[in-house]
Amino acid sequence: IISLGIEGTAEKTGVGIVDSQGNILSSVGKQLIPPAGGIHPREASEHHAYWIPVLVKEALEKAKIGLKDLDLVAFSQGPGLGPALRTTATAARALSLSLEIPIVGVNHCLGHVEIGRLTTGAEDPVSLYVSGGNTQVIAFAEGRYRVFGETLDIALGNCLDQFSREVGLGHPGGPKVEKLSRESSNYIQLPYTVKGMDLSFSGLLTAALRKREKGASLEDLSYSLQETAFGMLVEVTERALAHTQKKEVMLCGGVAVNERLRDMVSQMSKEHYADFFIPPGEYCGDNGAMIAWMGQLVYEDRGGQKLKDTKVIQRYRTDQVDVPWMESSKK
Ligand code: ATP
Ligand code: FE2
């Protein structure tokens, strides 16, 4: 069967088409670039409302199929920004009703992990999912994906984005910080905050901004921000790996394109004799294909949803979803 997935948890609109064997027939997207300041939920939803129909058409053309060839529509049900999620869900319901095909709402975070497994061949990894809105260390245990560690406040990508905006480098901050960090190897002390298995980035952000006010260079601060934040992530991922005794590590989410982070996580994996995986760039960040693929997995397990069950779930937790396909793939 052929599934169309719509992603719209935050500022990126994505539409992908995937068949039940896991062939990605197309995946197209459009990013909202906020003029100034952060993302406004209403602007994100207007962006989705405008782009979803355009991208659906484009995805079908790229896949060389028509609307009538679709058997299933999937959408990101959460976690995310309320207005953005509601627009995405509305589009998915409209497609489901007009085409008379089943609908499934899926968990966005699991989408990242599953598209990662699909595109890299990783079987049962400890996943480090780092993006603008999420920072989680995820691994499969007892029927579900469990969160072994996560941020207690802001996501790492958000920390980099806010730093970049405040010092006048613009949005998104991750790539800007990465570029500048290459110009320095002078470490400025910044707060390293790991609490148990959880992480905190807001103190790090504040401290970096304060040092900037006192005259520290952007190169030194970018370098130091990365070293500190990535060190924290590696520590928690390493402990999850040791605890679960898994043999694979996967890095995903928009921040996963960062070369320094890749090196650090790869090095740690090597020290533990674990294989290291990163999905291709277009499937690291938010994309429609991951939602279409999650749709296939969920639909095969429990069929379509009733419309009343397609309400968005703003705080949809990673460990709220049964993942029977992981159990069966291990047998
Ligand atoms: P989510 O809904 O999963 O939270 P998102 O809306 O943040 O996702 P993504 O595409 O997954 O979207 O991630 C975007 C984030 O990735 C931004 O915070 C951006 O700064 C960060 N990023 C992009 N490139 C780099 C890079 N080279 N280094 C570090 N961070 C990066
Ligand atoms: Fe995401």
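Above this text you will find the structure in question.
Here goes a summary of the coordinates provided.

### Regarding the overall build of the protein chain
And step 1. Scanning the protein chain from terminus to terminus reveals 10 helices and 12 strands.
And step 2. Its C-alpha radius of gyration of 20 Å places the protein chain within 12% of the 20 Å reference for a compact globule of 331 residues.
And step 3. For the protein chain, the spread of C-alpha atoms along the three principal axes comes to 60 × 45 × 30 Å.
And step 4. For the protein chain, contacts bridging at least 24 residues in sequence account for 75% of all contacts bridging at least 6.
And step 5. Carbon together with sulfur atoms contributes 49% to the accessible area of the protein chain, which is approximately 14,200 Å² in total.
And step 6. Charge separation in the protein chain, taken as the distance between the mean sites of 35 positive and 40 negative side-chain charges, equals 4 Å.

### Overview of the coordination of the iron ion (ligand 2)
And step 1. The protein atoms donating to the iron ion (ligand 2) are H108 (NE2), H112 (NE2), Y129 (OH) and D286 (OD), with metal-donor distances spanning 2.0 to 2.7 Å.
And step 2. Along the chain, the residues that donate to the iron ion (ligand 2) are spaced as H-x3-H-x16-Y-x156-D. With H112 in helix 3 (residues 108–120) and D286 in the loop between strand 12 (275–277) and helix 9 (288–302), the pair connects residues that are 174 residues apart, well separated along the chain. This pair shows no difference in class: H112 is buried, exactly as D286 is.

### Quick notes on the pairing of strand 3 (residues 24–31)
And step 1. Pairing geometry for strand 2 (residues 12–19) and strand 3, over seven bridges, is antiparallel. The residue bridging V15 from the neighbouring strand is V28, located in strand 3.

### Side note on unusual backbone geometry
And step 1. The step from G78 to P79 runs through a cis peptide bond, and the omega angle for that step is -5 degrees.
And step 2. Positioned with a positive phi, Q245 is a non-glycine residue whose angle comes to about 60 degrees.
And step 3. Here Q245 shows up in the loop between helix 7 (218–244) and strand 11 (248–252).
And step 4. One non-glycine residue, Y273, lies in the positive phi region at around 55 degrees.
And step 5. Looking at the element boundaries, Y273 is found in the loop between helix 8 (259–271) and strand 12.

### Notes on the site of ligand 1
And step 1. Around ligand 1, 23 residues are found, and the nearest of them are Y129, S131, G132, G133 and D161.
And step 2. At 3.0 Å from an oxygen atom of ligand 1 is found a main-chain nitrogen or oxygen belonging to G254.
And step 3. For ligand 1, an oxygen atom lies 2.9 Å from a polar atom in the side chain of D286.
And step 4. Relative to its unbound accessible surface of 640 Å², ligand 1 loses 90% to contact with the protein.
And step 5. Those elements that provide at least two residues to the shell around ligand 1 are helix 3, helix 4 (156–166) and helix 5 (173–181).
And step 6. For the shell around ligand 1, the element with the most residues is helix 5, which contributes four residues.
And step 7. Partitioned by chemical class, the residues of the shell around ligand 1 number seven nonpolar, 13 polar and three charged.

### Thoughts on the pattern of salt bridges
Any two side chains of opposite charge can pair, given that their charged atoms come close.
And step 1. Counting across every chain of the model gives 13 salt bridges.
And step 2. In this structure, R239 engages E235 in a salt bridge whose closest nitrogen and oxygen atoms are separated by 2.6 Å. In this pair, R239 and E235 are both assigned in helix 7, four residues apart and thus about one turn of the helix distant.
And step 3. Taking relative accessible area as the criterion, E235 reaches 26% and is therefore assigned partly exposed.
And step 4. K308 is the partner of D309 in a salt bridge, and the nearest nitrogen-oxygen pair spans 3.5 Å.
And step 5. According to the relative accessible area criterion, K308 is exposed, its value standing at 60%.
And step 6. Connected through shared salt-bridge partners, E150, R317 and D319 make up one network.

### Some thoughts on the nonpolar core
If you look at soluble globular proteins, the nonpolar side chains tend to sit buried side by side.
And step 1. Core analysis: the largest hydrophobic core is formed by 45 residues, its most contacted members being V130, L156, F163, F201, L233, L261 and V265.
And step 2. Those elements that place two or more of their residues in this core are strand 6 (126–130), strand 7 (135–141), helix 4, helix 5, helix 6 (202–213), helix 7, strand 11 and helix 8.
And step 3. For this core, the element with the highest residue contribution is helix 7, accounting for 11 residues.
And step 4. Residues contacting L233, with those up to four places away along its chain left out, are L128, V130, T135, L156, L199, F201 and L261.
And step 5. Core analysis: the second largest hydrophobic core is formed by 31 residues, I138, M250, I291 and V298 among them.

### Some points on the sheet that holds strand 6
And step 1. If you walk across this open sheet you meet the five strands as 8-7-6-11-12, and the pairing is mixed. Every other strand in the sheet has two partners, leaving strand 8 (144–150) and strand 12 as the edge strands with one partner each. For this sheet the average axis-to-axis angle between neighbouring strands, irrespective of direction, equals 25 degrees.
And step 2. Here strand 6 pairs with strand 7 via four bridges, running antiparallel.

About the criteria used
The residue numbering used here restarts from 1 in each chain and proceeds along that chain's sequence as written. For naming, the first written chain is A and the first written ligand is 1, with later ones following in the order written. Note on the predicted model: pLDDT of at least 70 is required for a residue's local features to be given, and 80 or more for side-chain atom pairs to be given and counted; whole-chain, interface and lining totals, by contrast, use all residues. Computation of side-chain values covers all heavy atoms of the structure but excludes hydrogens and water. Strands here mean DSSP runs of E at least two residues long; helices mean DSSP runs of H or I at least four residues long; both are numbered from the N terminus. We compute the radius of gyration from the C-alpha atoms alone; for a globule the expected value is 2.2 Å times N to the 0.38, where N is the number of residues. Residue contacts are counted whenever heavy atoms from the two residues lie within 4.5 Å of one another. Using a 1.4 Å probe, accessible areas were evaluated by the Shrake-Rupley method; residue-level cover was limited to the displayed protein chains. As used throughout, the charge tally considers Lys and Arg to be positive and Asp and Glu to be negative, leaving His and the chain termini uncounted. In plain terms, the charge of a residue is placed at NZ if it is Lys, CZ if Arg, CG if Asp and CD if Glu. Each metal site lists N, O and S donors within 2.8 Å (3.2 Å for Na, K and Ca). With water left out of the atoms, a site can look as if it is missing ligands. Partly exposed describes any residue whose relative accessible area lies between the buried limit of under 20% and the exposed limit of over 50%, with all areas from a 1.4 Å probe on protein chains only and scaled to the type maximum. We call two strands paired when DSSP finds no fewer than two bridges between them. Near is defined per residue: the residue qualifies when any heavy atom it owns lies within 4 Å of the molecule or strand. We call two N or O atoms a polar contact when they sit within 3.5 Å, provided that within protein one can donate a hydrogen and the other can accept it, with sequence-adjacent residues counted only if both atoms are side-chain atoms. Ten residue types, Ala, Val, Leu, Ile, Met, Phe, Trp, Tyr, Cys and Pro, are classed as nonpolar, four, Asp, Glu, Lys and Arg, as charged, and the remainder, Gly among them, as polar. Any Lys or Arg side-chain nitrogen found within 4 Å of a carboxyl oxygen on Asp or Glu counts as a salt bridge. We call a set of buried Ala, Val, Leu, Ile, Met, Phe, Trp, Tyr and Cys residues a nonpolar core when their side-chain atoms join them within 4.5 Å. To get an axis, a line is fitted to the C-alpha atoms, and for a helix only the part in contact is used. The angle between two axes follows their N-to-C directions and goes from 0 to 180 degrees.

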